[in-house]
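Chain residues, written in single-letter form:
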4 protein chains.
Amino acid sequence: MKKLWQKDGSKLNPEVEAFETGGDLLLDQRLIKYDCLGSIAHAKMLHRIGILSKEELSQLLAGLTKILQLYKQGKFNMEMGDEDMHTKIEDYLTGKYGEVGGKIHTGRSRNDQILTAVRLYCKDQLESIEKELDILIGSFTKFFKKYGSIKMPGFTHMQKAMPSSIAIWSGGFIESLQDDKKTLKNAADINNQSPLGSAAGYGVPLKLDRIYTAKLLGFARVQNNPLYCQNSKGKIEAVILASLVNILQTINKFASDVMLFTTTEFQYFKTSSSVRTGSSIMPQKKNLDLAELLRSKVHVVLGNYTQIVSMSGNLISGYNRDLQDTKKPLLESLEITLNSVKVTNILLNNLIPDKIALEASLTEEMYATERALNLVKKGMSFRKAYKTIKAEDL
Amino acid sequence: MKKLWQKDGSKLNPEVEAFETGGDLLLDQRLIKYDCLGSIAHAKMLHRIGILSKEELSQLLAGLTKILQLYKQGKFNMEMGDEDMHTKIEDYLTGKYGEVGGKIHTGRSRNDQILTAVRLYCKDQLESIEKELDILIGSFTKFFKKYGSIKMPGFTHMQKAMPSSIAIWSGGFIESLQDDKKTLKNAADINNQSPLGSAAGYGVPLKLDRIYTAKLLGFARVQNNPLYCQNSKGKIEAVILASLVNILQTINKFASDVMLFTTTEFQYFKTSSSVRTGSSIMPQKKNLDLAELLRSKVHVVLGNYTQIVSMSGNLISGYNRDLQDTKKPLLESLEITLNSVKVTNILLNNLIPDKIALEASLTEEMYATERALNLVKKGMSFRKAYKTIKAEDL
Amino acid sequence: MKKLWQKDGSKLNPEVEAFETGGDLLLDQRLIKYDCLGSIAHAKMLHRIGILSKEELSQLLAGLTKILQLYKQGKFNMEMGDEDMHTKIEDYLTGKYGEVGGKIHTGRSRNDQILTAVRLYCKDQLESIEKELDILIGSFTKFFKKYGSIKMPGFTHMQKAMPSSIAIWSGGFIESLQDDKKTLKNAADINNQSPLGSAAGYGVPLKLDRIYTAKLLGFARVQNNPLYCQNSKGKIEAVILASLVNILQTINKFASDVMLFTTTEFQYFKTSSSVRTGSSIMPQKKNLDLAELLRSKVHVVLGNYTQIVSMSGNLISGYNRDLQDTKKPLLESLEITLNSVKVTNILLNNLIPDKIALEASLTEEMYATERALNLVKKGMSFRKAYKTIKAEDL
Amino acid sequence: MKKLWQKDGSKLNPEVEAFETGGDLLLDQRLIKYDCLGSIAHAKMLHRIGILSKEELSQLLAGLTKILQLYKQGKFNMEMGDEDMHTKIEDYLTGKYGEVGGKIHTGRSRNDQILTAVRLYCKDQLESIEKELDILIGSFTKFFKKYGSIKMPGFTHMQKAMPSSIAIWSGGFIESLQDDKKTLKNAADINNQSPLGSAAGYGVPLKLDRIYTAKLLGFARVQNNPLYCQNSKGKIEAVILASLVNILQTINKFASDVMLFTTTEFQYFKTSSSVRTGSSIMPQKKNLDLAELLRSKVHVVLGNYTQIVSMSGNLISGYNRDLQDTKKPLLESLEITLNSVKVTNILLNNLIPDKIALEASLTEEMYATERALNLVKKGMSFRKAYKTIKAEDL
């Protein structure tokens, strides 16, 4: 397909084209809905400031609604040779409605268009993750209430250390997720500003009503400085990914515990067969792959974070095409985290503490500190009490 | 020095000891003040709940105040053979005041002690960084007001693109820093919870008044779950470092611009000689090393973030000594960021736009979009106007 | 599809299944060829050691060849519900050829099967990259010969420093790529060992002829220790990715230079229009997106490296399902690097030095060191000569 | 101290100076020896090509030897206000020997000087690491011979899977370290080229004999292209660190196993008290902190690798001061790895398998695959045999 900027005769080298757009078209495919929503808001605003007539607006809205419909039906698909979704949408509008299609890009650059679509996508995903976090916190709370009174060993240095309980163990995850939610909300807030109208990063000599489009799109505010709209690329993504890292750290800790505590040697928990898988060679095996694959996810998103921060360093202000490559780690990380929170909930709901095994594992030496503190209560200094108890074990 | 836990006769291999504590003692040296503050609060609380008599409290407070004094004078220094600062402080107290020294550790573990000291350190550093950010925002605002009206080229793909101005350029950094401040405040809030009283991660069978110590230490709240106090290690550090990464991303962008815009080919800005350095071989050179060394810092903290997140993955709940190695990247990153914000301010205050060079660089082709939009104002569709202007350049 | 290990009645939760296999099936799709090659070698070996009859071997070879054919025609595709390619292939064989299909897995685990397929894939890709590196070195050598004599400024601190030449500039990339090739060959060598026959990581009580399968598959040697076959997962990947990082660092340097040297302010090089793209809003622009997208790739692979090393840390010996998530960053990084080397070659072949601009930029102050050294030749100490020349500029 | 490039009257802002050199002086302190060795070789070469008289050479060699002596005695120390070690050394020579000191920098830049010192440092450290690896491989071999015949369970998914042995377990580490040694040698080879004589990155108009200095310094070859000497900064460091990552991955795996296998629940191994430490609060505890602190190191070096690769991206050819910040992660990583290999050896030498516990843990279900293969030997297809055995467990 001819590019927006191509004059007749000029031609981009096809290998270069494949390198530049290959994987990116698949990512655009997930963003088409948000690009249409951005265009709808932009068209309404262009009408409001007198650039589009009422009729032109109707045509464009009809066209964009049609694309949304086709998209939903799986019939509006990026193909190799397409430059990007923005061009494909403009071409569709021009093809079906004529000259008016050429008006949709007035006062806009693909630079602010892609920022807008990505922010809207993130907004949706972050809200979904927050909802799933609430569900997971709810499940941990139920677990806490149901099993909290069961005693279990507490570990330090991977060794049994002091008496603990399911209440302490599961309650820790609740507090952890609550902290994670705070940081997630901060990320959602940083993301919640409209870049639409910043054009290529320097505005345009037209009186665009940026507050109006921001409101139509549900953004909390306008990202005022047009150059910062570009310069925040790589930074807002980093804020979002860092918040996802926290969530996945909490999940990693839970999954790491579950992996250890379901070994034959520990047997602190049982899991239902609906969350276990088997081996192709060992008939007897039932593995908890789910916990392993949950454990790995924080590392995936850490790497994605590294990509984004590393990539956006040492670059001057303004649009740099390098940052197209932030799209993949961003979208991927949001999806991974959303799914991880969901299946962590499934894992938790299929986890049953083995009360007998847990309490049997509370062996006597774990009460050494308590015994020392009993001496303290009788007036001995702690360090002397500590040494007294320690000596008993000689 | 004998370790707290050593019985007579047992001995740690000296190479193992050096490996385990070597670099860590230098880090502890920076935390001694905060460990004393934590101990002062803990002692007051032990008195309040009846474990220390009034006299014992006085002795301990006198001892801890003395250590603070010696520390300030550079006379309380960690040495090879010391186990850690906690032990050194307890030993000092016992050495000078006898048995009462052995009471300071009642109801406490080095696990919650180090958490407390590190949190207090972070609290201080984060507040300092916030103050320096305000100063830097103030400087950018002055710069914006003084030079804002000067026109300059706006770049995309590192090529001149559209007319911009010092106002747009410098204003972008103001908004960026304001966003960074939000994320920094979130990090400060997550850090602002007291782990003191969580002991080894499972509490103790004593009625410690954790709200009281939290208040004495200026924490906003108690970190309630004792196991989460341990499990948040590696996570709170990650939240803090991610917020520092953002600040350093903004600084990196500024420094990258300054590096390009002060080349002979651009000459958009002049710098005063107090921020430039020379060459050992080339008599004519004056380099802006400062901007280069500012540019590098985001990468340093990114690597430190990677250390912390990677290190804390795949570990079970509770204290793991591995995470001692989070101390260095944490302390280093806070110091790097604090210093970077300070010297960015110096760089900015020594930067003068070259009005003549800037405006001369606004060449005609940069107004192509404006010309296209003039056609749009006369009723042409944008895409047609774009093509019309493009054709002129044939 | 029923899993190999499923008994009637047991059922994996479908969300869990999607989480565990979702993205992985797409990756398996790229490996099917190599899994079939591994199975062919394994079948031949089973015949050789008397476990398969001649007829059984013929049937299995016919089936595997058929799959390879279907695969090539795009007719053997992983679908949601499939467990993995290994199971799909075994099921196909059993479905078409009956009981003999159930023999292909004798003495084998999916653990060594996937290792084998991935190693073969890497072997192929590493060889392709090496070939493309040779082509690129060839192009740089041609460039060096054609334009080497043109003088150009050499930069330090992004400032003009001393006289240089196209020979020095382009020759630097040749030496860089030669070093990169060495490290790539080391990675290829580390990868070039056959894990087939290690089964689940502990061998099997059958006399498998591992040397025979290694030879059939073109491996340089057998990876002898069965547990190390598993434990090297995450490590061999790291060796490979680190070698790709080097190549992409060289390309990043080249692309960074090209980006700067093609700005209007520098104009050291011209590029042909077949490697440039346009803007959707600014009619006048022609951008070198290609160089930007080459610049970003080292950061992508750095992040992938981080994923792999971070993910494989703190895990015990033996198969851990976590490491399934190394597959994506590995395959992606190899493809990115291969494509990057190819299009770097295209960029280089479309780059023309602007002799006039380059030589005009060699301004007088760049000869200051030369002037100082002329004084040295007359007997002055270098430091005094340096100061003499420096003083002239007062 | 006055900088080499300072004219009277000009002054660097002291905060800027502290920012630029602060931490770096401590690193230079470790490199002084190597900088002197580089200067000795350079002086000899300057004499050989007729720039220094015999007497001048004697004076400089006397001075440099004196510095080496003072350094060894701890009397030649970098102090705040020093610019760097190169300047300090030149100043010392000039101060003690007059004008001849000003000749040592003839035909040299601090750019090639620091490269040379760092390469020599790395050369030494890499050789030491290789030696320690050989010692460690030796210890594993002894362990293998002494205990190899003891049976132990093999794990997959952290669950008991198939029968294994100490031979398989410890043998895996031997092969792993052998692979690591190969990659280390490749890194040592890439590092083993002399940058001396490349000056600021563009050579000098003097006939320096680079082959001669390379030989004097023990380098395998000259790094020919002067610009590549600079451009390889960040890349050679990356090659080195990637090779260290591999070693630390192997150590991490060993330490992870040891941590699990020494829990009360497993008790597969005992350790001697000389490698364990105690708790400040729990009298009964004996922890294996050493294994935890070994486990953490791969993550530290991974972060350092990230710093270096990220920092050196998106920068143009030639010296960039940013890369001064590669020095710390490089030196630190080499020291960490050297120490880690040493103490891993200590840990291994203090590890004793508990034969009774190990063999008792080989429970019956672990022989399920063997039982299936026994059916295979009687002619049943593997998949059918697998299902037969699986059904028994119903």
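In this text, all values refer to a predicted model and were calculated from it rather than measured experimentally.

Caption draft 1: Layout of the overall build of chain A. Helix and strand counts for chain A stand at 14 helices and six strands. Relative to its length of 394 residues, chain A is extended, with a C-alpha radius of gyration of 28 Å against a globular reference of 21 Å. Along the first, second and third principal axes, the C-alpha set of chain A runs to 90 × 55 × 40 Å. In chain A, which comprises 394 residues, the share counted as buried stands at 71%. Considering only intrachain contacts with a sequence separation of at least 6, the fraction spanning at least 24 residues in chain A is 77%. Total accessible area on chain A stands at roughly 12,500 Å², and carbon and sulfur atoms take up 53% of it. The centroid of the 53 positive side-chain charges in chain A is displaced by 5 Å from the centroid of its 43 negative side-chain charges.

Caption draft 2: Spotlight on the interface of chain B and chain A. Each partner contributes to the interface: chain B provides 94 residues, whereas chain A provides 94 residues. Interface area lost by chain B to chain A is led by Y202(B), I316(B) and R383(B), which between them contribute 9%. E90(B) is the salt-bridge partner of R383(A), the closest N and O atoms lying 2.5 Å from each other. Where chain B packs against chain A, one counts 44 residue pairs in polar contact (both at pLDDT 80 or more). The set of elements that each furnish at least two residues to the side of chain B that touches chain A consists of β1 (151-156), β2 (159-165), α5 (166-191), α7 (226-231), α8 (236-261), α10 (297-311), α13 (368-377) and α14 (382-392) of chain B. Examining the composition of the side of chain B that touches chain A, we find that 15 residues originate from one element, α5(B), more than from any other.

Caption draft 3: Quick peek at the side chain of K88(A). Residues and elements named next belong to chain A. In this structure, K88 sits in helix α3 (residues 85-97). Residue classification places K88 among the buried positions, given a relative accessible area of 12%. Setting aside residues up to four positions removed in sequence, K88 forms contacts with F76, N77, M78, E79 and D82.

Caption draft 4: Region of the structure containing the state of the cysteines. Counted under the stated rule, the structure contains zero disulfides over all chains. Distance from the sulfur of C229(C), which forms no disulfide, to the nearest cysteine sulfur (C122(C)) is 15 Å.

Caption draft 5: Broad picture of the relation of the copies chain B and chain A. Between chain B and chain A, which share one sequence, the superposing operator has a rotation angle of 180° and an axial displacement of 0.0 Å; the RMSD is 0.0 Å. Here the copies are linked by what is in effect a two-fold axis. Proximity to the rotation axis, assessed at the C-alpha, singles out A242(B) in chain B; its C-alpha lies 3.1 Å from the axis. Mapped onto chain A, 100% of the interface residues of chain B again fall at the interface, so both copies present the same surface.

Caption draft 6: Spotlight on the pattern of salt bridges. Summed over all chains, the structure comprises 90 salt bridges over all chains. Note that D24(D) is salt-bridged to K327(D), the shortest N-O span being 3.1 Å. Of this pair, D24(D) sits in helix α1 (residues 14-48) while K327(D) sits in helix α11 (residues 327-349), and the two are 303 residues apart along the sequence. Using a relative accessible area of 8% as the deciding quantity, one classes K327(D) as buried. When the shortest N-O distance is used, the salt bridge between E83(D) and R110(D) registers 3.2 Å. Residue E83(D) is found in the loop between α2 (54-72) and α3 (85-97), and its partner R110(D) is found in helix α4 (residues 110-147); the two are separated by 27 residues along the sequence. For the pair E83(D) and R110(D), a shared accessibility class is recorded, and that class is buried. Residues joined by salt bridges that share partners form a network here, namely E20(A), R321(A) and D289(C).

Caption draft 7: Local environment of the interface of chain B and chain C. In this complex, chain B contributes 43 residues to the contact, which on the side of chain C involves 43 residues. The contact between chain B and chain C buries some 3,800 Å² in all, and 53% of this surface belongs to carbon and sulfur atoms. It is H157(B), E265(B) and P283(B) in chain B that bury the most area against chain C; as a group they hold 19% of the surface buried on that side. Counting across the interface, chain B meets chain C through zero salt bridges. At the boundary of chain B and chain C, one finds 20 residue pairs in polar contact (both at pLDDT 80 or more). Considering each element in turn, the side of chain B that touches chain C owes the most residues, five residues, to α14(B). Tallied by class, the residues present in the side of chain B that touches chain C amount to 18 nonpolar, 15 polar and ten charged.

Caption draft 8: Here's a closer look at helix α2 (residues 54-72) of chain A. Residues and elements named next belong to chain A. Between its terminal C-alpha atoms α2 stretches 27 Å, which fits the 27 Å expected from 19 residues at 1.5 Å a residue. The complete set of buried residues in α2 reads E56, L57, L60, G63, L64, I67, L68 and L70. End-on, the buried residues of α2 take up no more than an arc of 165°, which puts them together on one face. Away from the buried face of α2 by more than 90 degrees, exposed residues K54, E55 and K72 are located. Immediately downstream of α2, the backbone of G74 shows phi near 75°, a positive value.

Caption draft 9: The arrangement of helix α8 (residues 236-261) of chain C in detail. Taking 1.5 Å of rise per residue, 26 residues should cover 38 Å, and α8(C) covers 38 Å from first to last C-alpha, within 8% of that figure. Most of α8(C) is tucked away: 26 of the 26 residues are buried.

Caption draft 10: View of unusual backbone geometry. Its identity as a non-glycine residue notwithstanding, A199(A) has a phi of 55°, on the positive side. Here A199(A) lies in the loop between β3 (193-194) and α6 (210-216).

Caption draft 11: Region of the structure containing the relation of the copies chain B and chain C. The operation relating chain B to chain C is a screw motion whose rotation component is 180°, with 0.0 Å of axial translation and a residual RMSD of 0.0 Å. With an isologous cut-off of 70% or more, the 100% of interface residues of chain B that recur at the interface of chain C puts this contact in the isologous class.

Caption draft 12: Structural view of the packing of aromatic side chains. In total, this model carries 79 aromatic pairs over all chains according to the counting rule given. Here the aromatic rings of F155(A) and Y268(A) are separated by 6.4 Å at their centres, their planes lie at 45°, and the arrangement is tilted. Taken as a pair, F155(A) in strand β1 (residues 151-156) and Y268(A) in the loop between α8 (236-261) and β5 (269-271) lie far apart in primary sequence, 113 residues in all. Residues F155(A) and Y268(A) agree in their burial class; the two are buried. Residues Y34(C) and Y121(C) carry aromatic rings whose centres are separated by 5.7 Å and whose planes lie at 90° to one another, so their mutual orientation is edge-to-face. Separated by 87 residues along the polypeptide, Y34(C) in helix α1 (residues 14-48) and Y121(C) in helix α4 (residues 110-147) bring together distant segments of the chain. Lying across the ring of F76(B), K88(B) places its NZ or CZ 5.7 Å from the centre. When the ring centre of Y386(C) is taken as origin, the NZ or CZ atom of R383(C), which lies over that ring, is 4.9 Å away.

Caption draft 13: Spotlight on the environment of E365(B). Within the secondary structure, E365(B) is located in the loop between α12 (355-360) and α13. Taking relative accessible area as the criterion, E365(B) reaches 31% and is therefore assigned partly exposed. Between the alpha carbons of E365(B) and K160(B) there is a distance of 9.0 Å; along the sequence they are 205 residues apart. With residues up to four places along the chain from it excluded, the contact list for E365(B) reads K160(B) and Q284(C).

Caption draft 14: Representation of the pairing of β1(B) within the structure. When you tally the buried positions in β1(B), you get five out of six residues, the bulk of the element. As consecutive antiparallel partners, β1(B) and β2(B) are separated by two residues, and within that stretch H157(B) has a phi angle of approximately 55°, a positive value.

Caption draft 15: Here's a closer look at the domain arrangement of chain A. Residue and element names in this part refer to chain A. The assigned domain composition of chain A is domain 1 (14-102), domain 2 (116-360) and domain 3 (364-393). Using C-alpha coordinates to define each centre, domain 2 is positioned 42 Å away from domain 3. At the interface, six residues of domain 2 touch four residues of domain 3. Interface area for domain 2 against domain 3, summed over the two sides, is near 400 Å², with a carbon-plus-sulfur share of 73%.

Procedures and definitions
Residues numbered from 1 in each chain as written. Chains lettered and ligands numbered in written order. Predicted model: local features only at pLDDT ≥ 70, side-chain atom pairs only at ≥ 80, totals over all residues. Heavy atoms only, no water. Helix = DSSP H or I, 4+ residues; strand = E, 2+ residues; numbered from the N terminus. Rg over C-alpha atoms; globule rule 2.2 N^0.38 Å. Buried < 20%, exposed > 50% of the residue type's maximum accessible area, 1.4 Å probe, protein only. Contact = heavy atoms within 4.5 Å. Areas by Shrake-Rupley, 256 points an atom, 1.4 Å probe, with all protein chains shown as cover. Lys, Arg positive; Asp, Glu negative; His and termini not counted. Charge placed at Lys NZ, Arg CZ, Asp CG, Glu CD. Buried area = accessible area lost by both parts, 1.4 Å probe. Salt bridge = Lys/Arg side-chain N within 4 Å of Asp/Glu carboxyl O. Polar contact = N/O pair within 3.5 Å; in protein donor to acceptor, adjacent residues only side chain to side chain. Disulfide = S-S within 2.5 Å. Least-squares fit on C-alpha atoms with pLDDT ≥ 70 in both. Nonpolar A, V, L, I, M, F, W, Y, C, P; charged D, E, K, R; others polar. Expected span 1.5 Å × (residues − 1). Arc of directions from axis to C-beta. Phe/Tyr/Trp six-rings, centres within 6.5 Å; stacked < 30°, edge-to-face > 60°. Lys NZ or Arg CZ within 6 Å of the ring centre and 35° of its normal. Pairing = 2+ DSSP bridges. Domains from an automatic or database assignment.

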